[in-house]
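# Observations on the three-dimensional arrangement
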Amino acid sequence: MKHTQRIATAVVLTASALLLSACSSGTTPDITQNVADGKTIVNKENWPKQVPTSGLAKNLTLPLEGYMASYEEQVTVEQAATDLQQSCMKGYGIDLALPRAGANPPPSDNDANIERRYGITDRAEAEKYGYQLRPALREHTQQPLRDLSDVEVEVLTGHTKPEPAKAPEGVKTGGLIASPGQGTKPARAEHNGKKLKTGGCVGWSKGQLGVQEADPIIVAQLAGDSLTESMKDDKVIKAFAAWSSCMDGKGHAGLADPYKAMDQGVTNDGEPSQAAITLAVDDIDCKQQTDLVKIWSDVETAIQDKQIADHKSMLTAIKEQHGKEVATARKQMAASSQ
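Quick notes on the rules
Residues numbered from 1 in each chain as written. Predicted model: local features only at pLDDT ≥ 70, side-chain atom pairs only at ≥ 80, totals over all residues. Heavy atoms only, no water. pLDDT = per-residue confidence, 0-100. Contact = heavy atoms within 4.5 Å. Helix = DSSP H or I, 4+ residues; strand = E, 2+ residues; numbered from the N terminus. Buried < 20%, exposed > 50% of the residue type's maximum accessible area, 1.4 Å probe, protein only. Core = buried A, V, L, I, M, F, W, Y, C linked by side-chain atoms within 4.5 Å. Disulfide = S-S within 2.5 Å. Arc of directions from axis to C-beta. Polar contact = N/O pair within 3.5 Å; in protein donor to acceptor, adjacent residues only side chain to side chain. Axes fitted to C-alpha atoms, helices over the stretch in contact; angles between N-to-C directions. Parallel < 35°, antiparallel > 145°, perpendicular 65-115°, else oblique. Left-handed = near helix turned anticlockwise from the far one by under 90°. Salt bridge = Lys/Arg side-chain N within 4 Å of Asp/Glu carboxyl O. Phe/Tyr/Trp six-rings, centres within 6.5 Å; stacked < 30°, edge-to-face > 60°. Lys NZ or Arg CZ within 6 Å of the ring centre and 35° of its normal.

Further remarks concern the confidence of the model for the protein. The pLDDT averaged across the protein works out to 86; a share of 83% of its residues lies at or above 70. Contacts for the low-pLDDT stretch residues 8–37, under 50 throughout, to residues beyond four places or in other chains number 90 contacts. Confidence drops under a pLDDT of 50 for residues 171–176, and excluding neighbours within four residues, the segment shows 4 contacts in the predicted structure.

As structure tokens, then:
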């Protein structure tokens, strides 16, 4: 079941990645222009839908999604935190323009990754892109940040500027600011006669918004567990076998489950090959023929219903806490826009 564990782990890693940027509120404008070059930085048209509107996952949701932050909410908290950090830095006499939140949306609205949770599900996109994401999601909007001085890093983060990482020959390293403990030391006590905040302006901004970073990871972990458990269910195993037989009949032998097809079909070099597109389309057709997505999601829904019943008080507290964070972030953004 190594494959199963890898996919479930990916769900948790997605949550962690989103957490690193999550700190802001929902009054983000539909389109934000980069004053320097006029290019669109934040365009909500590229943001994922809260519920899939096409393909085999159309209108599909899972119970635990009710306890997950939507992308709009994540951007809201992130942008509110960014605004606070910039204001905090200004209090130390430092003008700093940080990247805007929401510039590079993920393919799914939340950590369930419902569009691809059971493998690819949208035939129209598969016909064009195979297993790859549509072009708008493969592009990355660059928001250059000027190189920060040692003291600016300390004021912002509460720790010293990390030493450049030693990477293998030929491998480039990057990253704005390391986490504490990655070759860093506590920041100086004050700057310009003003005491530095605990955790720097970043830590202070999270405190102002009441961000509890562990909460989304807890929910994502449960979602990872439910996915792993669902793949052991007899109904899902039987559906896998039917799907595999269908794929074998189309000339794709030896594929035990849809994740194996994704592994085989994903390419990192430019446009997908015709073979990858054919594999992707056949994959979805076999899912439809065997009703795999519905069978699988029904099984996982039952598992998540039990998880929610077993952890009701914890999940209710997480949902309430998340609501407070988003509400606080929205108030902060409204205040900063005045």
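Now that the structure has been shown, the text picks up again.
With that settled, the discussion passes to unusual backbone geometry. At Asn 192, a position not held by glycine, the phi torsion is positive, near 55°. You can see Asn 192 is positioned in the loop between β3 (190–191) and β4 (194–195). When its relative accessible area of 60% is taken as the criterion, Asn 192 is described as exposed. At Asp 291, a residue that is not glycine, the phi angle is positive and equals roughly 60°. Looking at the element boundaries, Asp 291 is found in the loop between α10 (274–290) and α11 (292–310).

This brings us to the nonpolar core. Ranked by internal contacts, the top residues of the largest apolar core, which has 31 residues, are Tyr 118, Ile 120, Tyr 131, Trp 243 and Trp 296. Counting 13 residues, the second-largest nonpolar core is a separate cluster that includes Met 89, Ile 94, Leu 96 and Val 155.

Below, the discussion takes up the state of the cysteines. Within this structure, the stated rule accounts for 2 disulfides. Covalent S-S linkage joins Cys 246 and Cys 286, the inter-sulfur distance amounting to 2.1 Å. On the S-S bond that ties Cys 246 to Cys 286, the torsion sits near -80°, and the link is left-handed. With a gap of 40 residues between them, Cys 246 in helix α8 (residues 234–249) and Cys 286 in helix α10 connect regions that are remote in the sequence. By the burial criterion, Cys 246 is buried, and Cys 286 matches it. What links to what in the protein: the bonded cysteines, counted in sequence order, pair as 1-2, 3-4.

As a further point, take the environment of Leu 209. Along the chain, the position of Leu 209 falls in helix α6 (residues 200–209). Sequence separation between Leu 209 and Ala 81 is 128 residues; the distance between their C-alpha atoms is 7.4 Å.

Attention now goes to helix α9 (residues 258–265). Looking at α9, one finds that the buried residues are Pro 258, Tyr 259, Ala 261, Met 262 and Gly 265. The buried residues of α9 occupy an angular sector of 155° when projected down its axis, which confines them to one face. N-cap assignment for α9: the residue whose side-chain oxygen lies 2.9 Å from the backbone N of Tyr 259 is Asp 257.

Quick look at the packing of α8 against α10 now. Packing of α8 against α10 leaves a shortest axis separation of 9 Å and a crossing angle of 135°. In terms of orientation, α8 lies oblique with respect to α10. Seen along the crossing, α8 lies across α10 with a hand that is right-handed. For the pair α8 and α10, the contacting residues are Ala 242, Trp 243, Cys 246 and Met 247 in the first and Leu 279, Asp 282, Asp 283, Cys 286, Lys 287, Gln 289 and Thr 290 in the second.

Side chains that carry opposite charge are capable of pairing whenever their charged atoms lie near each other. Per the counting criterion, the structure on display carries 14 salt bridges. Among the ionic pairs, Lys 235 bridges to Asp 233, the shortest N-O distance being 3.7 Å. On the basis of relative accessibility, which here comes to 52%, the residue Lys 235 falls in the exposed class.

Moving on, we come to the environment of Arg 330. Within the secondary structure layout, Arg 330 lies in helix α12 (residues 312–336). The exposure class assigned to Arg 330 is partly exposed, which follows from its relative accessible area of 34%. The sequence separation of Arg 330 and Val 77 amounts to 253 residues, and the corresponding C-alpha distance is 7.7 Å.

The next point concerns the packing of aromatic side chains. Per the counting criterion, the structure on display carries 4 aromatic pairs. Judged by centre distance (4.7 Å) and plane angle (45°), the ring pair of Tyr 118 and Trp 296 falls under tilted. Residue Tyr 118 is located in the loop between α2 (71–90) and α3 (123–129), and its partner Trp 296 is located in helix α11; the two are separated by 178 residues in the primary sequence. Judged by relative accessible area, which is 0%, Tyr 118 ranks as buried. Measuring from ring centre to ring centre gives 4.9 Å for Phe 240 and Trp 296, while their planes differ by 85°; the resulting arrangement is edge-to-face. Placement of Phe 240 in helix α8 and of Trp 296 in helix α11 is noted, with a sequence separation of 56 residues between them. For the pair Phe 240 and Trp 296, a shared accessibility class is recorded, and that class is buried. An aromatic cluster is built from Tyr 118, Phe 240, Tyr 259 and Trp 296, whose rings are joined through pairwise contacts. Seen from the ring of Tyr 92, Lys 194 lies directly overhead, with NZ or CZ sitting 4.7 Å from the centre.

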